[in-house]
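Descriptive structure summary
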Amino acid sequence: MGPLLLLTSTLLSSYFHAGRTVNTQKLFTIRDITLSIEPSINVTRNTNVTLRCKAVVSSSGQEALSREYTIYKDGNTVYTKTSSTSEDLLYPLSEARVSNTGKYKCKINIEGKNMTSGVKKLTVTGLSKPVLSLNKDMVSEGEEIKATCTADGETGSIFFYFYEDSKEIQEKQVNSNQAEAKLRITSVGIHKIHCAYTVLITPDSFKSEKSSAVIVSVKELPITPVLEIFPQSKIYEGDQLDFLCTVRNVPQHPEGKLYLSQGNQLLSSGDTKVNHSMVALAKDPGEFECRFEMGDVTKFVLKMVPVTELFSVPTFTMSPAEVFQKEDMTLTCKSESFASERLRREELTYTLDPPENLLTRKGPGVFHGKALQYDFNYTCVAQARGIVKHSETLTVRPKVSVSIPKISVVGKAVLGQPLKILCQSDSGSLPINYTLLREYDELSTTIVKQPFQQAFFTVTITKPDEITKYMCEAKNNHKEAPLSKRLNATVIVPLTHPIMTVIPNPEISEGDHLYLICGVAGTPPVTFKWYRVGYEQPLNTTTSNKNNTAYQVPKVSKQDSGTYYCEAFNHANNVVISDEVNIQVRLAFWKKVVIGAFCLLAVSVLVVVSVLCFISKRVRVNRAAVSVWSERPPEAANDEESSMVSKEPDVEYTEVVHPRPVDPARVPLRKGTDTVYSELQNSPHGAADHHDYGSVEYAELNSEHPETNHYRPEVNGHQELPAPVD
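Residues numbered from 1 in each chain as written. Predicted model: local features only at pLDDT ≥ 70, side-chain atom pairs only at ≥ 80, totals over all residues. Heavy atoms only, no water.

Thoughts on the nonpolar core
Condition: Definition used in this section: a nonpolar core is a set of buried Ala, Val, Leu, Ile, Met, Phe, Trp, Tyr and Cys residues joined via side-chain atoms within 4.5 Å. Summary of the burial criterion: residues with accessible area below 20% of their type's maximum are buried, those above 50% are exposed, and those between are partly exposed, where the area comes from a 1.4 Å probe applied to protein chains only. By definition, any uninterrupted DSSP run of H or I lasting at least four residues is a helix, any uninterrupted run of E lasting at least two residues is a strand, and each is numbered from the N terminus. We call two residues contacting when some pair of their heavy atoms lies within 4.5 Å.
Core analysis: the largest hydrophobic core is formed by 26 residues, its most contacted members being Phe311, Phe316, Met329, Leu331, Tyr378 and Val396. Of all the elements in the fold, those that place two or more residues in this core are strand E28 (315–319), strand E29 (328–334), strand E30 (349–353), strand E33 (376–384) and strand E35 (394–396). Among the elements that take part in this core, E33 stands out by supplying five residues, more than any other. In contact with Val396, other than residues within four places in its own chain, are Met318, Val323, Met329, Leu331, Tyr374, Asp375, Phe376 and Tyr378.

Structural data, given as structure tokens:
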């Protein structure tokens, strides 16, 4: 049995161990997690609120997974719980308070896997009314009161505020719902005390209503400060003043202090009595105070001490009111009033500060001397019976006499145009009056009052030498005004109408040098421009200090023929243009000679040819009869024979046109075209008969007149024809 039991136990142990190994390898996934707030995300105070965290987890086994839930509020952990069930996590907020307001979220962690829900904001509204309690309702002024303010049921960070008659007097911050404060009420009478609180929930805050008011009665303490001043009669400057500051009806063992002050100046202090002495001065405030302070209790008394002036603050004047450098001046220092019942005028003395002033005393408070060349400050000091008073500082600013002015032209001086003249002095105190003169006659005046202001005048001159008649004067004092020199400037005379001259003139041949001279009258320098009509750009531009200049066109050709003009301007900025000049370039002389020779040669050739032709025609005419008709035999005269073939040679007429003779003088009767009719006889065999029986020539002369003259040579009867030539 023993071995059997051991084997069975081993098998069972192996079976269960293998099962646990399978469980550790179980798979799961967190599908979703959500957070909800019940009953609502907006609730009022004392509502029971539940935060529900619901997770959806899928797993491969039946064994429950260990789930760790965490609740966060505004990023801080407020609750953590571990659960092995799939039930929702519930986080209750019993009787919710404003402090529970915030942003919540839920996180689940299963074996290292995490998932966080979305954020939900819970808002709780409504605060409890605070309750105020005091340990006393009747106190003396300055006595301490203990006040307690309670915010029932509230939690979180709370600010408590304590008020006296609606005025905040103290603030406390606690992490509980109750705060205590120690109050001291210094004013006598009936006072109302209340409190309120604010719950701080970052970034918001919620303020409660005010508590009910508690009445506190404050009694006045019989403490009385006393201030005594000696003498008590009329006080003058320089008198000795004695002060005594004390306090009465002080409780035993007081923790108080006495203070004596004049205006804002503390004179002395003490515990129960203060003594002080001083010289009375009229300039100081006449109000004195004796003050007693004990804790928060303050008692004081004020007294006015009128002080009569022994003498008034001196006034300081200068005569004359304006002085120039190194001119005489007088400074006068004087107190307008003094207490004659206490002080004689002779006792009042005056001095200057600083003493090194280079002025001489001429009498009580009267000082005389020369003005310096720079600004200087003076102060008058009046004193009597130990009382010293200073006048206001007098600054003497000696004026600078204006220097000799300079006159100049602004810009350019153009004849006949407005001319701007500047009159200016290098030094001189403002204001300065500048006057323009023409031969000592005043034309106009300009007052310069500002440092950068200038005196300008505008005139117009009609002659160049007229500009030297102008001058200017400057004046800034009662003395004689300095006069400038005469105006000296170059006057620009505007240009007159230019004249363009052409050289050579009148005949210009090819190869010549052409000069276009443009001349004007006016002030140089002058800028000249030459143009050719039809071209926008100038042929040449030059600036000359003379009133005329030339532009050269070297070795002109026929292409240089055209219309030219010139333009001129100077500093007067008036552009003047000349009249247009038409230039025609002729042939060069050698070209004319060649052409003439060629023409003569052609004429000579024509004459020779004409003469030769004429001679040839005359020879032919002399050999031929002027008018010859061949007579047929009688038997050939009848009509029948005329129809038969004639054996006699045919007569054929040919028109020969000869050219007109070249020299009309040699052939005076023949003009126009010569028409010659030649009679040729053909043989019966169709060949020309070589027997020359002569010819008849008709000379038709076409004269230049409408009639046509025919020249017919005379035939004497039956002129014999020359013998035929075999």
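Structural notes on the environment of Ala213
Relative to the helices and strands, Ala213 is located in the loop between strand E17 (204–207) and strand E18 (214–219). Residue classification places Ala213 among the partly exposed positions, given a relative accessible area of 45%. For the pair Ala213 and Cys195, spaced 18 residues apart in the sequence, the C-alpha separation amounts to 8.0 Å. If sequence neighbours within four positions are ignored, Ala213 has contacts with Lys192, Ile193 and His194.

Some thoughts on unusual backbone geometry
For the bond from Phe230 to Pro231, the omega torsion is 0 degrees, close enough to zero to count as cis. Topologically, Pro231 is positioned in the loop between strand E19 (224–230) and strand E20 (235–236). Between Ser319 and Pro320 the backbone carries a cis peptide bond, its omega angle lying at -5 degrees. Turning to its location among the elements, Pro320 is positioned in the loop between E28 and E29.

Re the sheet that holds strand E23 (residues 265–270)
Definition in use: Pairing between two strands is assigned when DSSP locates at least 2 bridges connecting them. A fitted line through C-alpha atoms serves as each axis, taken over the contacting stretch for helices, and the angle formed by two N-to-C directions is quoted from 0 to 180°.
Strand order in the open sheet formed by four strands is E23-E22-E25-E26, with antiparallel pairing between adjacent strands. The two strands at the open ends of the sheet, each matched to only one other strand, are E23 and strand E26 (297–304). Here the average twist between neighbouring strands, direction ignored, is 20 degrees.

Looking at the pattern of salt bridges
Worth spelling out the cut-off: For salt bridges, the criterion is a side-chain nitrogen of Lys or Arg within 4 Å of an Asp or Glu carboxyl oxygen.
Throughout the structure, instances matching the rule amount to 23 salt bridges. Among the salt bridges present, the one from Glu154 reaches Arg45, with a minimum N-O distance of 2.8 Å. Of this pair, Glu154 sits in the loop between strand E12 (144–150) and strand E13 (157–164) while Arg45 sits in the loop between strand E2 (42–44) and strand E3 (49–59), placing them 109 residues apart in sequence. Residue class for Glu154 comes out buried when judged on its relative accessible area of 3%. In this structure, the salt-bridge partner of Glu141 is Lys299, at a minimum N-O distance of 2.8 Å. On the criterion of sequence distance, the pair formed by Glu141 in the loop between strand E11 (138–140) and E12 and Lys299 in strand E26 is long-range, its members being 158 residues apart.

Points about the packing of aromatic side chains
Put simply, the test is: Stacked, edge-to-face and tilted labels apply to pairs of Phe, Tyr and Trp rings (six-membered ring for Trp) whose centres lie within 6.5 Å, assigned for plane angles under 30 degrees, over 60, and everything in between, in that order. In this scheme, the term charge over a ring applies when either NZ of a lysine or CZ of an arginine sits within 6 Å of the ring centre and within 35 degrees of the ring normal.
Within this structure, the stated rule accounts for eight aromatic pairs. Between Phe160 and Tyr197, the aromatic rings sit 5.8 Å apart at their centres with planes inclined by 45 degrees, giving tilted as the arrangement. Here Tyr197 lies in strand E16 (residues 189–201) and Phe160 lies in strand E13, a separation of 37 residues in the sequence. One exposure class covers both Phe160 and Tyr197, and it is buried. Over the aromatic face of Tyr72 sits the side chain of Lys105, whose NZ or CZ is 5.6 Å from the ring centroid. We note Lys389 situated over the ring of Phe311; from NZ or CZ to the ring centre the distance is 4.9 Å.

Description of a nonpolar patch on the surface
Inclusion rule: Here the term patch refers to residues with relative accessible area over 30% and no salt bridge, with like charges joined within 9 Å and nonpolar side chains (Val, Leu, Ile, Met, Phe, Trp, Tyr) within 5 Å. Values of accessible area rely on a 1.4 Å probe in the Shrake-Rupley scheme; residue burial ignores everything except the protein chains shown.
Taken together, Leu601, Val605 and Val609 make up a surface patch of nonpolar side chains, about 260 Å² in accessible area. With respect to the helices, strands and loops of the structure, Leu601 is situated in helix H2 (residues 589–623). Judged by relative accessible area, Leu601 falls into the exposed class, the value being 53%.

A few points about the environment of Ile201
With respect to the secondary-structure elements, Ile201 resides in strand E16. Residues Ile201 and Ser99, 102 residues apart in the sequence, show an inter-C-alpha distance of 6.6 Å. Beyond its immediate stretch of four places on either side in the chain, Ile201 contacts Val98, Ser99, Thr101 and Phe206.

Regarding the side chain of Ser544
Our working rule: Residues adjacent in sequence count toward polar contacts only when both atoms are side-chain atoms; beyond that, a polar contact is any pair of N or O atoms within 3.5 Å, and within protein one must be able to donate a hydrogen and the other to accept it.
Examined against the element boundaries, Ser544 turns out to sit in strand E48 (residues 540–544). Judged by its relative accessible area of 14%, Ser544 is buried. In this structure the side chain of Ser544 is engaged in a polar contact, spanning 3.0 Å, whose partner is the backbone nitrogen of Lys546. Ignoring any residue separated from it by four or fewer positions in sequence, one finds Ser544 in contact with Pro524, Pro525, Val526, Phe528 and Thr549.

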